[in-house]
Amino acid sequence: NAGVTQTPKFQVLKTGQSMTLQCAQDMNHNSMYWYRQDPGMGLRLIYYSASEGTTDKGEVPNGYNVSRLNKREFSLRLESAAPSQTSVYFCASSWAVVNYGYTFGSGTRLTVV
Amino acid sequence: QKEVEQNSGPLSVPEGAIASLNCTYSDRGSQSFFWYRQYSGKSPELIMSIYSNGDKEDGRFTAQLNKASQYVSLLIRDSQPSDSATYLCAPSNAGNNRKLIWGLGTSLAVNP
């Protein structure tokens, strides 16, 4: 039972480059989320998908796009990376947040130079 | 006022002692409350959930909820060095029950 799988685990980008962070869950969860975590800032929601076919902005969506490819997969794209996007990115999923909370992936450490 | 407030710590306790972690929240409509543990360099891991006023015990962990005071706490009995981590408090969002609201976490150090 893999849970939530994120790839890659580490990435270094140059300013202006693009990349896609991948996330897949095998728990049949309806909702999926992308967070970033920075020292002193805590977990901040970038985008989420309440169910297959829907996506919504979170607190810090600027500079990011998402795709809910199917029920299992939710990707995060940086079109033109900036140093301010250096962070640790976590994907999470949930069947019903109110009852069960989230399950997190292992994270992607992204550095933009 | 922050939506979820936690003492940043570090909270330092000796091995075998009780560690008490506190959290206050501003959203009166929050229905569910979660405690996550995050080891340095790792992802958050759910350790406790609580939905009703009172206490909920699971092994060495006890979660306490007082909705009238908008207060939730986590007690760790017989603290072990392996409990050293950051503990995140996360109430559910009353306006959108598909989201959690996150505190910044309390850093706990258990000293052998």
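Everything numeric in this text was worked out from a predicted model, so none of it was measured. (Residues numbered from 1 in each chain as written. Chains lettered and ligands numbered in written order. Predicted model: local features only at pLDDT ≥ 70, side-chain atom pairs only at ≥ 80, totals over all residues. Heavy atoms only, no water.)

Undergrad: Would you take a moment to explain the overall build of chain B for this structure?
TA: A tally of regular secondary structure across chain B gives zero helices and eleven strands. Taken from N to C terminus, the helices and strands of chain B fall in the order β-β-β-β-β-β-β-β-β-β-β. Relative to a compact globule of 112 residues, whose C-alpha radius of gyration would be 13 Å, chain B shows 13 Å and is just as compact. Across chain B, every contact between residues at least 6 apart in sequence was considered, and the portion connecting residues at least 24 apart equals 53%. (Helix = DSSP H or I, 4+ residues; strand = E, 2+ residues; numbered from the N terminus. Rg over C-alpha atoms; globule rule 2.2 N^0.38 Å. Contact = heavy atoms within 4.5 Å.)

Undergrad: When you look at the interface of chain B and chain A in this model, what are you seeing that I'm missing?
TA: Quite often, the size of an interface is put as the accessible area lost when its parts meet. On the side of chain A, 22 residues touch chain B, which itself brings 19 residues to the contact. Between chain B and chain A the total buried area reaches about 1700 Å² when both faces are included, carbon and sulfur atoms providing 56% of it. For the chain B face of the interface with chain A, the top three residues by lost area are B:R98, B:K99 and B:W102, together amounting to 33%. Between the two partners, chain B and chain A, sit zero salt bridges. At the junction of chain B and chain A, the tally comes to eight residue pairs in polar contact (both at pLDDT 80 or more). Among the elements that line the side of chain B that touches chain A, the one with the most residues is strand β10 (residues 96-100) of chain B, at five residues. For the side of chain B that touches chain A, the per-class residue count stands at nine nonpolar, seven polar and three charged. (Buried area = accessible area lost by both parts, 1.4 Å probe. Salt bridge = Lys/Arg side-chain N within 4 Å of Asp/Glu carboxyl O. Polar contact = N/O pair within 3.5 Å; in protein donor to acceptor, adjacent residues only side chain to side chain. Nonpolar A, V, L, I, M, F, W, Y, C, P; charged D, E, K, R; others polar.)

Undergrad: Explanation requested: the sheet that holds strand β7 (residues 61-66) of chain B in the structure shown.
TA: Strand pairing in a sheet is mediated by backbone hydrogen bonds. Such pairs are either parallel or antiparallel. Residues and elements named next belong to chain B. The sheet built from five strands is open, its strands ordered β1-β3-β8-β7-β6 with antiparallel pairing. Across the chains shown, the open sheet's two edge strands, defined by having one partner strand only, are β1 (4-5) and β6 (54-58). Direction of pairing for β6 relative to β7: antiparallel, over a ladder of five bridges. Looking at the pairing, K56 lines up with A63 of β7. (Pairing = 2+ DSSP bridges.)

Undergrad: Please clarify how the pattern of salt bridges should be interpreted in this entry.
TA: All names here are of chain A. Following the criterion strictly, the structure yields six salt bridges over all chains and no others. One salt bridge connects D38 with R44, and the closest N-O pair in it is separated by 2.8 Å. For the pair D38 and R44, one class covers both residues: buried. Here the salt bridges share partners, and the residues they tie into one network are R36, D38 and R44. (Buried < 20%, exposed > 50% of the residue type's maximum accessible area, 1.4 Å probe, protein only.)

Undergrad: Even after reading the chapter, I still don't get the state of the cysteines, so can you show me in this structure?
TA: Here, the word disulfide means a covalent bond between the sulfur atoms of two cysteines. All names here are of chain B. In total, this model carries two disulfides over all chains according to the counting rule given. Two residues, C23 and C89, share a disulfide whose sulfurs are 2.1 Å apart. With the S-S bond torsion at -70°, the cross-link from C23 to C89 turns out left-handed. Pair noted here: C23 is in strand β3 (residues 19-25) and C89 is in strand β9 (residues 85-93), with a separation of 66 residues, a long-range link. With respect to burial, C23 and C89 carry one shared label: buried. (Disulfide = S-S within 2.5 Å.)

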